[in-house]
Amino acid sequence: MASQLIETNRENAETYTGDEICKAKTLELLDEISLPNGLLPLEDIIEVGCNRATGFVWLRQKKKKEHYFKSIGKPVSYAAEVTAFVEKHRMKKITGVKSKDTMLWVTLSDIYIDNPSSGKIVCKTPFGLSRTFPVSAFVNEETEEEKKRKKERAEVEEKKKQEEVEEEEEEKKQEEVAFTQGVNKQQKDYVMGAHHNVNCEVDFSLEIDIE
């Protein structure tokens, strides 16, 4: 289901690959929709995508991850693929996220902040049941230096990726030039060979006339 949604929304979406830049883009997304920055603590992220026209976002990581939110005593499980439709203060129609309540894992379908000034965030199940927690429980305190380093690493990775794309394009151009030159040489050799054959035929006919 999640994979199907991703492929349906992939066209015209912004996509990023690589753990460093994907983590940075995840933080940017959460900041854009005004949700706490520790809400999606994924690791080894392979891809992040965002289709702004539909509001659909997805995150792919190498394997499922379980994270324990200490201040509320709740473990949360994140599947290898996590998807959601997002808007200001809200993630809805979520797939791939479960919270453990007593002994059971419960699927979460919506996470939202009704009143930003309340400092509360709501986690809702597909059955309409909901729990309210402090927003602070999902906030990671990062120093300005850590933010700076993370941003710099993401920029370096993006630059490296761009350089690789440019190198591939240059190699393709060189291959095309080499191919064109090879075709031109073959055509030239063919013409020269045909011209030589004509000369030979003329010389041969002249010998016959002399005899």
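Described below are features of the structure shown in this document. Numbering of residues begins from 1 in every chain and follows the order in which that chain's sequence is written. Predicted model: local features are reported for residues with pLDDT of at least 70 only, side-chain atom pairs are reported and counted for 80 or more only, and whole-chain, interface and lining totals are derived from all residues. Each side-chain value is worked out from all heavy atoms of the structure, with water and hydrogens disregarded.

### Quick notes on the overall build of the chain
Scanning the chain from terminus to terminus reveals 3 helices and 10 strands. Reading the helices (α) and strands (β) of the chain from amino to carboxyl end gives α-β-α-β-β-β-β-β-β-β-β-β-α. Here the term buried applies to any residue with accessible area under 20% of the maximum for its type, exposed to any over 50%, and partly exposed to those in between, with areas from a 1.4 Å probe on protein chains only. The proportion of buried residues among the 211 residues of the chain is 31%. In the chain, 46% of the contacts between residues at least 6 apart in sequence involve partners at least 24 apart. Surface accessibility of the chain: about 14,300 Å² in total, with carbon and sulfur atoms responsible for 52%. Secondary structure elements follow DSSP: runs of H or I of four or more residues count as helices, runs of E of two or more count as strands, with numbering from the N terminus. Residue contacts are defined here by distance: any two heavy atoms, one from each residue, within 4.5 Å place the two residues in contact. Surface accessibility follows the Shrake-Rupley procedure with a 1.4 Å probe radius. Residue values consider only the protein chains on display as shielding.

### Here's the deal with the packing of aromatic side chains
We call Phe, Tyr and Trp rings a pair once their centres come within 6.5 Å, taking the six-membered ring for Trp, and we label the pair stacked below 30 degrees between planes, edge-to-face above 60, and tilted otherwise. With the rule as written, the count across this model stands at 4 aromatic pairs. An angle of 80° between the planes, with centres 6.4 Å apart, marks the rings of Phe133 and Phe138 as edge-to-face. When sorted by exposure, Phe133 lands in the same class as Phe138, which is buried. Taken together, the ring pairs in this structure connect Phe56, Trp58 and Phe85 into an aromatic cluster. Directly above the aromatic system of Tyr112 lies the positively charged group of Arg90, at a separation of 4.2 Å from the ring centroid. Geometry around Phe85 places Lys93 over its ring, the cationic atom sitting 5.6 Å from the centre. Charge-over-ring placement is defined geometrically: NZ (Lys) or CZ (Arg) within 6 Å of the ring centre, and within 35 degrees of the ring normal.

### Brief notes about the pattern of salt bridges
A pair is scored as a salt bridge if a Lys or Arg side-chain nitrogen falls within 4 Å of a carboxyl oxygen belonging to Asp or Glu. Tallied over the entire structure, the rule returns 15 salt bridges. Of the charged contacts, one joins Arg52 and Glu14 as a salt bridge, the two residues approaching to 2.7 Å between their closest N and O atoms. Linking Arg52 in the loop between strand 2 (45–51) and strand 3 (56–61) with Glu14 in strand 1 (residues 14–17), this pair joins segments that are 38 residues apart in sequence. One salt bridge in this structure joins Glu28 and Lys25, with 3.4 Å as the shortest N-O distance. Here Glu28 and its partner Lys25 are both found in helix 2 (residues 19–32), 3 residues apart, which amounts to about one turn of the helix. The class for Glu28 is partly exposed, based on a relative accessible area of 41%. Several salt bridges share partner residues, and in doing so they unite Glu7, Arg10, Glu47, Arg60 and Glu81 into one network.

### Section: the nonpolar core
Ranked by internal contacts, the top residues of the largest apolar core, which has 35 residues, are Leu35, Leu39, Tyr78, Met91 and Ile121. Among the elements of the structure, helix 2, strand 2, strand 3, strand 5 (74–87), strand 6 (90–101) and strand 9 (120–124) are those that each provide at least two residues to this core. Dropping the residues within four chain positions of it, Tyr78 is found in contact with Leu39, Leu40, Pro41, Leu42, Gln61, Lys64, Lys65, His67, Phe69, Gly96 and Val97. Here, nonpolar core means buried Ala, Val, Leu, Ile, Met, Phe, Trp, Tyr and Cys residues that are tied together by side-chain atoms lying within 4.5 Å of each other. The next biggest cluster of nonpolar side chains, apart from the first, holds 5 residues, and it includes Ile6, Ala13, Phe56 and Phe85.

### Quick look at the pairing of strand 7 (residues 104–107)
Pairing of strand 6 with strand 7 involves 4 bridges; the strand directions are antiparallel. When the sheet's bridge partners are listed, Lys98 is paired in strand 7 with Thr107. Paired strands, as defined in this entry, are two strands with at least two bridges between them according to DSSP. Turn length for the strand 6-strand 7 hairpin, with the two strands adjacent in sequence and antiparallel, is 2 residues, and the turn residue Thr102 shows positive phi of about 55°.

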